[in-house]
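What follows is the residue order along each chain.
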Amino acid sequence: MPAILARRRVTAAVLGLASALVLASCADPADGGTTEVADASGRTTRINTSPDQHRVTTAKVDSIAAEVPEEIRRRGTLEIVDSSGSAAPLTFRATDNKTVIGVEPDLASLVADVLGLEPHFNTVSWENIFVGLDSAKYDVGFSNITVTEERKEKYDFAPYREDNLGFEAKKGSGLKVTGPEDVAGRTVAVGSGTNQEKLLIEWSRENEKAGRKPVDIKYYQNDSDTYLALQSGRIDLYLGPNPTAAYHAATSGKTEVVGTYSGAGATLQGLIAATTKKDNGLVEPLADAIDHIIRNGTYAKVLRRWGLSDEAVAESGINPPGLPRSGT
């Protein structure tokens, strides 16, 4: 494991309100589907949301491709799984409502290029990502999956992005989230089975131990139901991946990000990783492929085209420290 991953510590629990994406214009239909976003430094990026993606590509690297398990090499495809519950700019549907686009499929495609494999995307519900990985139906998950100590028992991880979470509130709410006390007694929506849920439950327990009210945690079937609840005042906050929260706030104009937090907790920078079944022999070539695209510059091009340059990692590695287990 590279030393850089072992020392990904943050000096404070809150990473600041500067997010990877900030105020942007809405999509321009005349442009075939584009959305402008700006990163924390103010650089503006025009995001292509049409089905004609012109993805960044790279060449096969024979030495890395040779590391891929023989069964996968013979098949010729990399079976990639992602979540149907994801959202822009991670994984979402293009303007034709069927083509899967986003930073996750772009990075997965680059990795497949290096491995000399044809990327084949399988979009399923969040829980079925792991069911499919367990049964070897899918080779690897590229779906904003956070490295956690619990998940490391069953899966191997090759990181490719930082993991930052965002608290989204109705615009003009006046709320600011800097720690557990700011959500005490609040009604907060979160996705079931996510590391966001794990952190929110931990915060609720901390509040109760400190004599404060617990968090009233709510779950919704999809983002549209969640945002309807947020606008109607049935919930105070929505905790999700910071890129999606910031993108939604920018394009809807109805919400705002009122706090950000590392996906691995107060003392460790969270990491998003390519996720594969433990000990199946695939994590080494995945990590090597990610390191290769970082070195050749195509990785930076992909992050830049989705306005996520602020979430870049310097290198990948294998199974870095992740979100600690509950109570540890």
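The model shown is predicted, which means the values in this text are computed figures rather than measured ones.

Conventions used here
Residues numbered from 1 in each chain as written. Predicted model: local features only at pLDDT ≥ 70, side-chain atom pairs only at ≥ 80, totals over all residues. Heavy atoms only, no water. Helix = DSSP H or I, 4+ residues; strand = E, 2+ residues; numbered from the N terminus. Buried < 20%, exposed > 50% of the residue type's maximum accessible area, 1.4 Å probe, protein only. Polar contact = N/O pair within 3.5 Å; in protein donor to acceptor, adjacent residues only side chain to side chain. Expected span 1.5 Å × (residues − 1). Salt bridge = Lys/Arg side-chain N within 4 Å of Asp/Glu carboxyl O. Phe/Tyr/Trp six-rings, centres within 6.5 Å; stacked < 30°, edge-to-face > 60°.

Within the element layout of this structure, N164 appears in strand 8 (residues 155-170). By relative accessible area, which is 12% here, N164 ends up buried. Within the structure, the side chain of N164 is placed 3.1 Å from the side chain of Q269, a separation counted as a polar contact.

Between its first and last C-alpha atoms helix 4 (residues 103-115) spans 19 Å; for 13 residues at 1.5 Å apiece the expected length is 18 Å, and the two agree. Of all 13 residues that make up helix 4, 13 are buried, and the element is covered over most of its length.

Turning our eyes to something else, we now look at the pattern of salt bridges. Throughout the structure, instances matching the rule amount to 13 salt bridges. We note a salt bridge from D139 to R75, for which the minimum N-O separation is 2.6 Å. Highlighted residues: D139 in the loop between helix 5 (126-134) and strand 7 (140-141) and R75 in helix 3 (residues 70-75), separated in sequence by 64 residues. Assessed through its relative accessible area of 36%, R75 is described here as partly exposed. When the shortest N-O distance is used, the salt bridge between R305 and D106 registers 2.4 Å. Placement of the pair is R305 in helix 10 (residues 298-305) and D106 in helix 4, with a sequence separation of 199 residues. Across this residue pair, the class does not change: R305 and D106 are buried.

A cis amide bond links A88 to the next residue, P89, at an omega of 0°. The backbone of N319 shows a phi angle near 50°, a positive value even though the residue is not glycine. Mapped onto the elements of the fold, N319 is located in the segment after helix 10.

Okay, the packing of aromatic side chains next. According to the stated counting rule, one finds eight aromatic pairs in the structure shown. Relative to F130, the ring of W126 lies with its centre 5.2 Å away and its plane at 75°, an arrangement referred to as edge-to-face. Note that W126 and F130 are positioned in helix 5 at a spacing of four residues, about one turn of the helix. W126 gets classed as buried once you look at its relative accessible area, which sits at 18%. Here Y227 and Y238 contribute two aromatic rings whose centre-to-centre distance is 5.5 Å and whose plane-to-plane angle is 80°, an arrangement assigned as edge-to-face. Here Y227 is found in helix 7 (residues 223-232), whereas its partner Y238 is found in strand 11 (residues 237-241), with eleven residues between them in sequence. Residue Y238 is classed as buried on the basis of its relative accessible area of 14%. Among the aromatic residues, those joined into a cluster by ring pairs are F92, Y247 and W306.

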